[in-house]
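Each chain, written out:
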Amino acid sequence: MGLDQVLLDRRILTILVCPDPAGHELVWTNCWLPLIRMALRDEITDDLKQLDQWIGGGLDQPHVWDAP
């Protein structure tokens, strides 16, 4: 198993266990965005849409985070 697969697994796991993936800036920036880039590059958008629907949406919602 290569580093790319480990990162992919960790990103997906983080999205799945986060109670509000679209509402947490670090999850959005470090997990969702890399998955979106990968989906666009590798054309896995249907899988990404399924994951988004399974966790309750988020890709189509505006994102506003409180300043730390």
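Here, the structure is the one placed above.
Residues numbered from 1 in each chain as written. Predicted model: local features only at pLDDT ≥ 70, side-chain atom pairs only at ≥ 80, totals over all residues. Heavy atoms only, no water.

**Q** I would appreciate a short explanation of the overall build of the chain in the present structure.
**A** Summing up its helical and strand segments, the chain has 3 helices and 0 strands in all. Across the chain, helices and strands are ordered from the amino to the carboxyl terminus as α-α-α. Looking at the chain residue by residue over its 68 residues, the buried ones come to 25%. A separation of at least 24 residues holds for 34% of the contacts in the chain among residues at least 6 apart in sequence. (Helix = DSSP H or I, 4+ residues; strand = E, 2+ residues; numbered from the N terminus. Buried < 20%, exposed > 50% of the residue type's maximum accessible area, 1.4 Å probe, protein only. Contact = heavy atoms within 4.5 Å.)

**Q** Explain the state of the cysteines here, please?
**A** Under the counting rule described, the total for this entry stands at 0 disulfides. You can see Cys-18 has no disulfide; the closest cysteine sulfur is in Cys-31, sitting 8.5 Å from it. For Cys-18, a relative accessible area of 15% corresponds to the buried category. (Disulfide = S-S within 2.5 Å.)

**Q** Quick question: what am I supposed to make of the packing of aromatic side chains here?
**A** Given two aromatic rings, their pairing is described by the distance between the two centres and the angle made by the two planes. For the structure shown, the criterion picks out 1 aromatic pair. Between Trp-28 and Trp-32, the aromatic rings sit 6.4 Å apart at their centres with planes inclined by 50°, giving tilted as the arrangement. With a gap of 4 residues between them, Trp-28 and Trp-32 both fall in helix 2 (residues 25–42), about one helical turn apart. (Phe/Tyr/Trp six-rings, centres within 6.5 Å; stacked < 30°, edge-to-face > 60°.)

**Q** Looking at this model, I keep getting lost on a nonpolar patch on the surface. Mind explaining?
**A** Where nonpolar side chains cluster on the molecular surface, the patch consists of Leu-13, Leu-16, Val-17 and Trp-54 and spans about 450 Å² of accessible area. Here the nonpolar patch gets 3 residues from one element, more than from any other, and that element is helix 1 (residues 3–17). Note that Leu-16 resides in helix 1. You can call Leu-16 partly exposed: its relative accessible area is 35%. (Patch = residues over 30% accessible without salt bridge, like charges linked within 9 Å, V, L, I, M, F, W, Y side chains within 5 Å. Areas by Shrake-Rupley, 256 points an atom, 1.4 Å probe, with all protein chains shown as cover. Salt bridge = Lys/Arg side-chain N within 4 Å of Asp/Glu carboxyl O.)

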